[in-house]
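What follows is the residue order along each chain.
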Amino acid sequence: VAASYFALAEMDCQRKNWAKALEHLDKSLVLNTKNLKARNLKAIVLQKLNRENEAENLLNQTLTIDKLDWVARFLSDEKLDCDSQTKLDIAHDLAKTGFFELAIKCLENNLS
């Protein structure tokens, strides 16, 4: 069930329906609180809803759960020192949810 709510949230993001995406992510996270993908997507959605402090707090909590979560680190403006395949995976997940600019930013992260 948690995965279903997450999939709905991904579709909501593609449609830029941030309120509905947040609702579905909250339901997903009730059932699986440590789902890193859901936590990171929720942080992006919170940013879209101009709730930056909540997004930042969520990312900090996520990094407490997993210090090596590359997505949370990227969303926290850390330079990605991961391999190219990991960057491609992150970019794919971001593009799949309609966040193309973030996907491009991820791929360009270490080019400068």
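Here's what I pulled together on the structure shown here. The shown structure was predicted, so the numbers you read here are calculated from the model rather than taken from an experiment.

### Considering the environment of Phe99
Then, in step 1: Here Phe99 lies in the loop between α6 (84-96) and α7 (100-108).
Then, in step 2: Residue classification places Phe99 among the buried residues on the basis of a relative accessible area of 6%.
Then, in step 3: When the C-alpha atoms of Phe99 and Gln47 are compared, they prove to be 12 Å apart, with 52 residues separating the residues in sequence.
Then, in step 4: Not counting chain neighbours up to four residues away, the residues in contact with Phe99 comprise Cys13, Trp18, Leu41, Ile44, Lys48 and Leu94.

### Focus: a nonpolar patch on the surface
Then, in step 1: A cluster of nonpolar side chains, contributed by Val1, Val30 and Leu31, occupies part of the molecular surface with about 340 Å² of accessible area.
Then, in step 2: Exposure remark for Leu31: the relative accessible area of 51% places this residue in the exposed category.

### Structural notes on the environment of Leu75
Then, in step 1: Locating Leu75 in the fold gives a position in helix α5 (residues 70-75).
Then, in step 2: Residues Leu75 and Glu56, spaced 19 residues apart in sequence, show a C-alpha to C-alpha distance of 8.9 Å.
Then, in step 3: Apart from residues lying up to four places away in sequence, Leu75 is in contact with Asn40, Ile44, Gln47, Leu59 and Leu102.

### Details of the state of the cysteines
Then, in step 1: Scanning the entire structure with this criterion turns up zero disulfides.
Then, in step 2: Left without a disulfide partner, Cys13 is nearest to the cysteine sulfur of Cys106, which lies 17 Å away.
Then, in step 3: Summary of cysteine pairing: Cys106 is not part of a disulfide, and the nearest cysteine sulfur, belonging to Cys82, is at 6.6 Å.

### Quick notes on the pattern of salt bridges
Then, in step 1: Under the defined criterion, the tally for this structure stands at nine salt bridges.
Then, in step 2: Notably, a salt bridge pairs Glu54 with Arg51, separated by 2.8 Å at the nearest N-O pair.
Then, in step 3: The exposure class of Glu54 is partly exposed, given its relative accessible area of 38%.
Then, in step 4: Taken together, the shared-partner salt bridges connect Lys20, Glu23 and Lys27 into one network.

### As for the environment of Thr64
Then, in step 1: One can find Thr64 in helix α4 (residues 52-65).
Then, in step 2: Between the C-alpha atoms of Thr64 and Asp83, which are 19 residues apart in sequence, the distance is 22 Å.

Parameters and conventions
- Residues numbered from 1 in each chain as written.
- Predicted model: local features only at pLDDT ≥ 70, side-chain atom pairs only at ≥ 80, totals over all residues.
- Heavy atoms only, no water.
- Helix = DSSP H or I, 4+ residues; strand = E, 2+ residues; numbered from the N terminus.
- Buried < 20%, exposed > 50% of the residue type's maximum accessible area, 1.4 Å probe, protein only.
- Contact = heavy atoms within 4.5 Å.
- Patch = residues over 30% accessible without salt bridge, like charges linked within 9 Å, V, L, I, M, F, W, Y side chains within 5 Å.
- Areas by Shrake-Rupley, 256 points an atom, 1.4 Å probe, with all protein chains shown as cover.
- Salt bridge = Lys/Arg side-chain N within 4 Å of Asp/Glu carboxyl O.
- Disulfide = S-S within 2.5 Å.

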